[in-house]
Amino acid sequence: MAPERRHLEVALAAERFIRTAAVAEPSGTSWLADPSDLASGRRDLYTGGAGVVLFYLELHRATDDPAHLAVARSGADALLASIDGSRVAASGDAAPLGAISDPGLYTGLAGIGFVLGEMARQAGDPRYRDGARRIVSLLETRAIARGDGVEWNDTTDIVSGSAGIGLFLLHAADALDLPDARALAGRAGRRLLERGRDEVGGRSWPMDDTSTQRFPNFAHGTAGVAYFLATLYQATQDRAFLDAALAGASYLQAIATTDGDSCLIFHHEPDPAGRSLHYLGWCHGPAGTARLWYRLWQATGDRAWLDWMSRSARAIIASGIPDTRTPGFWNNVGVCCGSAGVAEFFLAHHRVTGDAASLAFARRVSAQILGAAIRDGSGIRWPHAEHRRRPSEIAAQTGWMQGAAGIGGWFLHLDAVERGAGEPIRWPDSPF
């Protein structure tokens, strides 16, 4: 391996570890989220096979090795079977996986639809395009009329609720030439307008109607809902969506800590413990919430939003990571909560602003990720704690948001930058 492809070498080593978790099914391949847990098989984008398929697609783009595309096809075939409701028995003693009923972007059908659409685009196989279209039809059928719009469950958020599903529908409207999907996303947006709550400084959105905690940031909170509404405005030019997104942003600005010209927003409210806790990653920290700031710049042309994105970057640097841990940046190097997601944000910030220091910081974080890895005959893996409140539960996972697929994907993205290659696959919830 040439020295300039050292990050590709890391991704290839991650693939060898992911391979140890592969499960052969009659319809294709699935993967255990944790190779040591035979009951951990999943289909979804967050933990399961859909995220692994995306990793193999990116690995194929980076290497041109047809073997990686063949694995992606096999994984996508298993996803297709799950849409049709067929229940398949896995080989060995692994638990069988059935059909997907969850509608969410990271937890179910919407995420699988996104992956199948990418498979169709890269593999040129109409079966995958048809599968993605079937998922849009399923989401249309399962939409529940409420108030002035629709929803699929009680959840508003990016991970499993209307904001994330709506983002997939907007993506599908363009990628699959399905204008009705855009209209359905608009109806989801109408329902979210009704569910917003007036706050000092703007508006917020609850994750659902039963949670006692209110999350302001991207994965489960106001930043993610506002991001969807701003994206919906771009697609429809309906000013009501932009006004709501701006109201959400105003609320976030009002509660943000801005010392040192930075932007840091607490984990949750109303209890004091949540208001004094600051995550740093994609899910509940600046690395995710900065997506809203950038989307608002795209939607309005107001460069002040770019400064808020840079404030988010400054907040992360001021925290002292990656050299130190903080209460909201624990033993986790994944895309969702930890180091890989932070590195991805700084690479995006570098692309947007041309700031060389951001790329240098992303490389520093990458060195920390490598320092947390275990290498052996099965490749490279990253044992870490997915949950901050359960730090003793350590596992090396395979999926995108908490495991080797997403971390390996980050190293592919860094490899692409160093080669001057094209940008990575753009996810429905990414503005970069």
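Residues numbered from 1 in each chain as written. Predicted model: local features only at pLDDT ≥ 70, side-chain atom pairs only at ≥ 80, totals over all residues. Heavy atoms only, no water.

### Looking at the nonpolar core
Item 1. Formed by 139 residues in total, the largest nonpolar core has its most connected members in Y106, L116, F168, L169, W282, W293 and W382.
Item 2. Ignoring any residue separated from it by four or fewer positions in sequence, one finds W382 in contact with V10, A14, V333, I369, A372, A373, A395, A396, A404, I407 and F411. (Core = buried A, V, L, I, M, F, W, Y, C linked by side-chain atoms within 4.5 Å. Buried < 20%, exposed > 50% of the residue type's maximum accessible area, 1.4 Å probe, protein only. Contact = heavy atoms within 4.5 Å.)

### Thoughts on the packing of helix α6 (residues 162–175) against helix α7 (residues 179–195)
Item 1. In contact at an axis separation of 8 Å, α6 and α7 are set at 155° when each is read in the N-to-C sense. Looking at the two axes, α6 sits roughly antiparallel to α7. In the crossing of α6 with α7, the sense of the turn from one axis to the other is left-handed. Two secondary-structure elements touch here, α6 through S162, A163, G166, L169, L170, A173 and D174 and α7 through A181, R182, L184, A185 and L192.
Item 2. In the contact of α6 with α7, the residues fall into 8 nonpolar, 2 polar and 2 charged. (Axes fitted to C-alpha atoms, helices over the stretch in contact; angles between N-to-C directions. Helix = DSSP H or I, 4+ residues; strand = E, 2+ residues; numbered from the N terminus. Parallel < 35°, antiparallel > 145°, perpendicular 65-115°, else oblique. Left-handed = near helix turned anticlockwise from the far one by under 90°. Nonpolar A, V, L, I, M, F, W, Y, C, P; charged D, E, K, R; others polar.)

### Let's talk about the pattern of salt bridges
Item 1. Within this structure, the stated rule accounts for 32 salt bridges.
Item 2. When the shortest N-O distance is used, the salt bridge between E15 and R19 registers 2.6 Å. With E15 and R19 both in helix α1 (residues 6–19) and 4 residues apart, the pair spans about one turn of that helix.
Item 3. On the basis of relative accessibility, which here comes to 6%, the residue E15 falls in the buried class.
Item 4. By relative accessible area, R19 is classed as partly exposed at 48%.
Item 5. Among the salt bridges present, the one from R190 reaches D238, with a minimum N-O distance of 2.2 Å. In this pair, R190 is assigned in helix α7 and D238 in the loop between α8 (222–236) and α9 (239–255), connecting sequence segments 48 residues apart.
Item 6. When its relative accessible area of 27% is taken as the criterion, R190 is described as partly exposed.
Item 7. Accessibility expressed as a relative area gives 23% for D238, which makes it partly exposed. (Salt bridge = Lys/Arg side-chain N within 4 Å of Asp/Glu carboxyl O.)

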